[in-house]
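# Fold and contact review
Here's the letter readout for the chains.
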Amino acid sequence: MSKSENIVISVKNLSKSYGELDVLKKIDMDIYEGQVVTIIGPSGSGKSTFLRCLNYLETLTDGEISIFGNTLVGPKESKQAAKDNEKVAKEIRKNVGMVFQQFNLWPHKTVLENVIEGPVQIKKVKKEEAIKKAEELLEKVGMKEKAGALPTQLSGGQQQRVAIARALAMEPKAILFDEPTSALDPEFVNEVLNVMKELAKEGMTMIVVTHEMGFAAEVSDRVCFMDGGYVLEDGTPDEVFKNPKTDRAKQFFSKILNV
Amino acid sequence: MGTVEVIFQYMPLLLKGLRYTILVSIEAIIIALCIGMLLTVVRMGGNSLPSRIVKTIANVYISFVRGTPVLVQIYIIYQALAVIGPNLSSFTSGVIALSLNSGGFMAEIMRGGITAIPKGQIEAGYAIGMSKRQIWTRIILPQVFRVVMPQLTSEFINVIKVSPMLSVVAVVELTRTAQRLVNSTYITIPFYITIAIIYFIVCALLEELVKWQKRRMLAK
């Protein structure tokens, strides 16, 4: 089930609570280099929260996350400890890109400026170099003609492709996709999925929270089914879709797949 | 002499009053912007005890400024400054009173502008590794001024329109000048209409200036 023996993301005993509400309950997961993992499950199952913990957009209540050798540790109550996690998070974010459901492009910047922002401001790449690279990436996602446009002038699908280019511009070793097609009109879903398929083929490590079961079945090496803060199923697409072990997963698939 | 001639005869005096109106307003607006930004930064601070205390003070201050008459505030500042001791001109204490007042309103406007920026844009900044400072300078502030410019313009205009109240603490600005002229010439309505027109022109010009500036920013 793995493309490589290298574990690049290791989650141990991860829990996340908001006050009384436990959203993630003792999750363990190892992700290998080049693996495409899709995380599926009903709304409120903790999928997005799990993804957001990985690059520390959410703090950890308990457990540990190691990504490319940088380790976040929860719980963090002391100020110093929280600062340590912030530092680690910065390193993790250099290696791990993120693509959001709502694209989250910066509306005061053009497409090109959105893409070069990270390399120029964070990696201190020279602007000319960054522009050259950005143009290549925009070409790759089919958005080169719109380099000078503002995000508001683009369709959802186009914005999301730019957002992917923006993530790629940081030359990440892995990308997190948080429901990248959920906010799109149906006609624009495929253009985004195609870009993602291309990335998967190139060997990018990807963790994709999605409701696109077709994508999960076709592209991913591994499917995780989450519900109620637990990972209930974890296996190849065939294993999970065709022979789910848990009743909860069977029930979920019977509702969304006409099988 | 006809009324019109009298008004033209005294026009230099009115313009001198206008000069004070403009000076007091510009100074107050600039200081108020600084106060507004300071209050905004303070109110966006963290959750540690010191920053919570400062935040509470800022909130009380803003509520006070918004919840009491400007005229009363002007009296308080003028008298308080006189008691505290520094020998300030009525012009200076007028500027201070207006700035303290307008700063509270501007802080509220700026906070509105900041909360109008979707959280996702800020997360996208963090996700590529931006620091808090970069989030502010690269994402939030460049957008805030664009968002709040219309409301800030109204507040600038408001400062000009509130400035006649400084006449109660002997700042001889445009309205006070007109009052004096009314007392000495017994010509009332024409003088007041004249200064109304002058105020209108100044405010309209200010509005145009801001619009022009905005167009320039967008063109960039």
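Anything mentioned here points back to the structure above.
Residues numbered from 1 in each chain as written. Chains lettered and ligands numbered in written order. Predicted model: local features only at pLDDT ≥ 70, side-chain atom pairs only at ≥ 80, totals over all residues. Heavy atoms only, no water.

## What about the overall build of chain B?
Short version of the rule: Counting from the N terminus, the helices are DSSP H or I runs at least four residues long and the strands are E runs at least two residues long. We call two residues in contact whenever any of their non-hydrogen atoms come within 4.5 Å of each other. Shrake-Rupley sampling with a 1.4 Å probe provides the accessible areas, and residues are treated as covered by the protein chains on show and by no other component.
In terms of regular secondary structure, chain B is built from nine helices and zero strands. Its helices and strands in sequence order give chain B the pattern α-α-α-α-α-α-α-α-α, from N to C terminus. Taken over the C-alpha atoms alone, chain B extends approximately 75 × 45 × 25 Å along its principal axes. Excluding contacts between residues fewer than 6 apart, the proportion of contacts in chain B whose partners are at least 24 apart in sequence is 73%. Summing over all exposed atoms, chain B offers an accessible surface of approximately 11,800 Å²; the carbon and sulfur share of this is 68%.

## Points about the interface of chain A and chain B
Stated precisely, the cut-off is as follows: The term buried area means the drop in 1.4 Å probe accessible area that two parts suffer when joined, counted for both and summed. Counted as salt bridges are all cases of a side-chain nitrogen of Lys or Arg within 4 Å of a carboxyl oxygen of Asp or Glu. Whenever two N or O atoms come within 3.5 Å, that pair is a polar contact, provided that in protein one can donate a hydrogen and the other can accept it, and provided that, for residues adjacent in sequence, both atoms are side-chain atoms. The nonpolar class holds Ala, Val, Leu, Ile, Met, Phe, Trp, Tyr, Cys and Pro. Asp, Glu, Lys and Arg form the charged class, and all remaining residues, Gly among them, are polar.
Counting from both sides, the interface comprises 22 residues of chain A and, opposite them, 18 residues of chain B. Both faces considered, chain A and chain B share a buried interface measuring about 1,700 Å² in area, 58% of it formed by carbon and sulfur atoms. Linking chain A with chain B are two salt bridges, by the criterion used here. Among the salt bridges present, the one from Arg 52 of chain A reaches Glu 123 of chain B, with a minimum N-O distance of 2.5 Å. Taken together, the connections running from chain A to chain B amount to seven residue pairs in polar contact (both at pLDDT 80 or more). Put simply, the parts of the chain that give the side of chain A that touches chain B at least two residues each are α2 (79-95), β6 (96-99) and α3 (111-121) of chain A. Looking at the side of chain A that touches chain B, its residues break down into nine nonpolar, five polar and eight charged.

## Regarding the packing of helix α2 (residues 11-43) of chain B against helix α8 (residues 174-185) of chain B
All names here are of chain B. To keep things clear, this is the line we draw: For helices, the fitted axis covers only the stretch in contact; all axes are lines through C-alpha atoms, and the angles between them, taken along N-to-C directions, range from 0 to 180 degrees. Here the word oblique covers every angle except those under 35 degrees (roughly parallel), over 145 (roughly antiparallel) and from 65 to 115 (roughly perpendicular).
It is the contact of α2 with α8, at a shortest axis distance of 7 Å, that shows an interaxial angle of 150°. Looking at the two axes, α2 sits roughly antiparallel to α8. Side by side, α2 and α8 meet where Leu 13, Leu 14, Gly 17, Leu 18 and Thr 21 of the first sit next to Leu 174, Thr 177, Ala 178 and Leu 181 of the second. For the contact of α2 with α8, a count of residues per class yields six nonpolar, three polar and no charged.

## Considering the pattern of salt bridges
All names here are of chain A. Here is the rule: Between buried and exposed lies partly exposed: a residue is buried under 20% and exposed over 50% of the maximum accessible area for its type, with that area taken using a 1.4 Å probe on protein chains only.
Evaluated as defined, the whole model comprises 18 salt bridges over all chains. One salt bridge in this structure joins Lys 242 and Asp 238, with 3.4 Å as the shortest N-O distance. Taken together, the residues span about one helical turn, with Lys 242 and Asp 238 both in helix α8 (residues 237-242) at a distance of four residues. Looking at Lys 242, the relative accessible area reads 60%, which means it is exposed.

## Observations regarding unusual backbone geometry
Even without being glycine, Asn 13 of chain A reaches a positive phi, approximately 60°. In this structure, Asn 13 of chain A sits in strand β1 (residues 7-18). One non-glycine residue, Ala 170 of chain B, lies in the positive phi region at around 65°. Position of Ala 170 of chain B relative to the elements: it lies in the loop between α7 (132-162) and α8.

## What to know about the sheet that holds strand β7 (residues 174-178) of chain A
Residues and elements named next belong to chain A. Note the following rule: Each pair of strands is called paired provided DSSP finds at least two bridges between the two strands.
Taken in spatial order, the six strands line up as β6-β7-β8-β3-β9-β10 in an open sheet, and their pairing is mixed. The strands lining the two open edges of the sheet, one partner per strand, are β6 and β10 (230-235). Put simply, the sheet's adjacent strands are angled 15° from each other on average, direction ignored. As paired strands, β6 and β7 are joined by four bridges and run parallel to one another. Each bridged residue has a counterpart across the sheet, and for Gly 97 the counterpart in β7 is Ile 175. Seen against the sheet, helix α1 (residues 47-54) touches β3 (36-40), β6, β7, β8 (205-209) and β9 (222-227) and runs at an angle of roughly 150° to β7.

## Focus: a nonpolar patch on the surface
Threshold: What goes into a patch is any residue over 30% in relative accessible area without a salt bridge, connected to like charges within 9 Å or, for nonpolar side chains (Val, Leu, Ile, Met, Phe, Trp, Tyr), within 5 Å.
On the surface, a cluster of nonpolar side chains totalling about 640 Å² of accessible area is made up of Ile 189, Ile 193, Ile 197, Phe 200, Ile 201 and Leu 205 of chain B. Topologically, Phe 200 of chain B is positioned in helix α9 (residues 189-219).

## Brief notes about the sheet that holds strand β2 (residues 21-32) of chain A
Residues and elements named next belong to chain A. Spatially, β2-β1-β4-β5 is the arrangement adopted by the four strands of the open sheet, whose pairing is antiparallel. What marks the edges here is a single partner per strand, and that holds for β2 and β5 (70-74). Direction aside, neighbouring strands of the sheet carry axes that sit 15° apart on average. Summarising the sheet, β1 and β2 pair through eight bridges and their orientation is antiparallel. Pairing of Val 11 across the sheet is with Met 29, part of β2.

## Some points on a negative patch on the surface
This is how it is decided: This count recognises Lys and Arg as positive and Asp and Glu as negative, with His and chain-terminal groups excluded. To locate a charge, the coordinates of NZ of Lys, CZ of Arg, CG of Asp or CD of Glu are taken.
There is a patch of like negative charges on the surface, built from Glu 135, Glu 136, Glu 139 and Glu 145 of chain A. Among the secondary structure elements, Glu 135 of chain A is positioned in helix α4 (residues 127-140).

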